[in-house]
Amino acid sequence: MNKPLTLEDYQAGQVILIDKPLNWTSFQVVNKVRWLIKQQFKIKKIKVGHAGTLDPLATGLLILCSGKFTKQIETYQAQHKEYTGTITLGGTTPSYDLETEIDNTFDVSEISEAQIIEATKQFTGEIDQRPPVFSALKKEGKRLYEYARAGEVVAIPTRKITISEFEITSIDMPNVHFRVACGKGTYIRSLAHDFGEALNNGAHLSALRRTKIGDFSVDNAISIEAFETLIKG
């Protein structure tokens, strides 16, 4: 997307690649893009949806669809995704990331780089993963994070996910930098938590960036500010 489009273009259907900024929810990005389109063309309604949520503390590729293309959202959601990020060893959090405070700390002085790299082998292929309690998944009509924030303990079943690649790109203890390619339904926060347990330690996700969804790359995405400039011509 490098030239202004018409209202008819957006209504017929567009795939809009946004590089989601830190601390924005995916819903906020959708709302902002929808509002910009409505303002620009002086209309009351336009369909805009996203193909796969990113947590507020994550950045990177968010696929938005407008108009008739919103019917294709499930197709994009099912595609393989790629992430880069940082797992910080030595501490766990209830949310498995930095949304909540560290609740347990561990000594990382005995963990070697060889152990870290070896541990990745446990998490490739089809594996069972338990989603984090701080997530938007529903149980008996309520979001899991609603139970978590109320201090209620709920049983969360594991589910099958596929991780095709789990590569350690660099290590500066206690931070372990990685790249992961995975299938639908994978929680990288849960991967970080489980990775800590595999090392007989604790860990949480301290940074996350989605770089690819199927054939779409964050290299071709634009910022919300750039979209605003573009739509105004």
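The structure this text deals with has already been given above.
Residues numbered from 1 in each chain as written. Predicted model: local features only at pLDDT ≥ 70, side-chain atom pairs only at ≥ 80, totals over all residues. Heavy atoms only, no water.

### Digging into the side chain of Thr92
Just so we agree on the cut-off: Strands here mean DSSP runs of E at least two residues long; helices mean DSSP runs of H or I at least four residues long; both are numbered from the N terminus. Polar contact is defined as a pair of N or O atoms within 3.5 Å, subject to the rule that within protein one atom must be able to donate a hydrogen and the other to accept it, and that residues adjacent in sequence are counted only when both atoms are side-chain atoms. Contacts are residue-level and defined by heavy atoms, with any inter-residue pair within 4.5 Å sufficient.
For Thr92, the location among the structural elements is in strand E5 (residues 91-92). Within polar-contact distance, the side chain of Thr92 engages the side chain of Asp103 at 2.7 Å. If sequence neighbours within four positions are ignored, Thr92 has contacts with Glu101, Ile102, Asp103, Asn104, Phe106, Gly202 and Ala203.

### Side note on the pairing of strand E3 (residues 58-66)
For clarity, the threshold we go by: Burial classes: relative accessible area under 20% of the type maximum marks a residue as buried, over 50% as exposed, and values in between as partly exposed (1.4 Å probe, protein chains only). Only when DSSP finds a minimum of two bridges between them are two strands counted as paired.
Of all the nine residues making up E3, nine are buried; the element is thus mostly covered by neighbouring parts of the structure. Here strand E1 (residues 14-20) pairs with E3 via seven bridges, running antiparallel. Pairing of Gln14 across the sheet is with Ser66, part of E3. Note that strand E2 (residues 48-50) and E3 share three bridges and pair antiparallel. Its bridge partner lying in E3, His50 is registered against Leu64. Strand direction decides the pairing type here: E3 and strand E12 (residues 203-213), joined by three bridges, are parallel. Bridge pairing in E12 places Thr59 opposite Arg209.

### Observations regarding the pattern of salt bridges
Short version of the rule: Any carboxyl oxygen of Asp or Glu that lies within 4 Å of a side-chain nitrogen of Lys or Arg is treated as forming a salt bridge with it.
For the structure shown, the criterion picks out nine salt bridges. Across the pair Arg189 and Asp55 runs a salt bridge whose closest N-O atoms are separated by 2.9 Å. Taken together, the residues span a long stretch of sequence, with Arg189 in helix H6 (residues 188-198) and Asp55 in the loop between E2 and E3 at a distance of 134 residues. The class for Arg189 is buried, based on a relative accessible area of 3%. What emerges from the salt-bridge pattern is a single network uniting Glu82, Glu165, Glu167 and Arg179.

### Overview of the layout of surface pockets
Quick reminder of the rule: Space inside and on the surface of the protein is sampled on a 1 Å grid over the protein atoms alone, with a cavity defined as a set of points where a 1.4 Å probe fits but cannot get out and a pocket as an open set with protein on both sides within 12 Å along at least 5 of 7 lines; lining residues have an atom within 4 Å of a point. Grid points are joined across faces, edges and corners, and a volume is the space filled by probe spheres set on the points. Gly falls in the polar group here, along with every residue not listed as nonpolar (Ala, Val, Leu, Ile, Met, Phe, Trp, Tyr, Cys, Pro) or charged (Asp, Glu, Lys, Arg).
Within this model, the largest pocket holds a volume of roughly 1000 Å³. Lining the largest pocket are 33 residues; nearest its centre among them are Thr53, Leu54, Asp55, Ala136 and Tyr187. If you list the elements that add at least two residues to the lining of the largest pocket, you get helix H2 (26-41), strand E4 (81-89), helix H5 (144-149), H6 and E12. Taken together, the residues of the lining of the largest pocket sort by class into 13 nonpolar, ten polar and ten charged. Empty space within the second largest pocket amounts to approximately 160 Å³. Around the second largest pocket, the lining is made up of twelve residues, and of these Val133, Glu152, Val153, Val154 and Ile156 lie nearest the centre. The residue inventory of the lining of the second largest pocket, partitioned by class, reads nine nonpolar, one polar and two charged.

### Considering the nonpolar core
Defined as follows: Side-chain atoms within 4.5 Å link the members of a nonpolar core, which is a set of buried Ala, Val, Leu, Ile, Met, Phe, Trp, Tyr and Cys residues.
Grouped together as the largest cluster of nonpolar side chains are 27 residues, with contacts concentrated most on Ile87, Leu89, Phe166, Phe178 and Phe195. Setting aside its immediate chain neighbours within four residues, Ile87 contacts Phe166, Pro174, Asn175, Val176, Phe178, Ala192, Phe195, Ala203, His204, Leu205 and Ser206.

### Regarding the packing of aromatic side chains
Note the cut-off: Side-chain rings of Phe, Tyr and Trp, where Trp is taken by its six-membered ring, are said to pair if the distance between their centres is within 6.5 Å; with planes under 30 degrees apart they count as stacked, over 60 as edge-to-face, and otherwise as tilted.
With the rule as written, the count across this model stands at seven aromatic pairs. Among the aromatic residues, those joined into a cluster by ring pairs are Phe123, Phe166, Phe178 and Phe195.

### Structural notes on the environment of Pro21
With respect to the helices and strands, the residue Pro21 is situated in the loop between E1 and H2. Accessibility expressed as a relative area gives 27% for Pro21, which makes it partly exposed. Spatially, the C-alpha atoms of Pro21 and Lys232 are 21 Å apart, while their sequence positions differ by 211 residues. Apart from the residues within four sequence positions on either side, Pro21 is in contact with Pro56, Ala58, Thr59 and Ile224.

### A look at the pairing of E12
As defined by bridge partners, E4 adjoins E12 across nine bridges and the pair is classed as antiparallel. Bridged to Lys81 within E12 is Ile213. Where E12 lies against strand E13 (residues 216-217), two bridges are found, and the strand directions are antiparallel. By the bridge assignment for E13, Lys212 is matched with Ser217. Counting the residues between successive antiparallel strands, the hairpin from E12 to E13 contains two residues, one of them, Gly214, with a positive phi of roughly 55 degrees.

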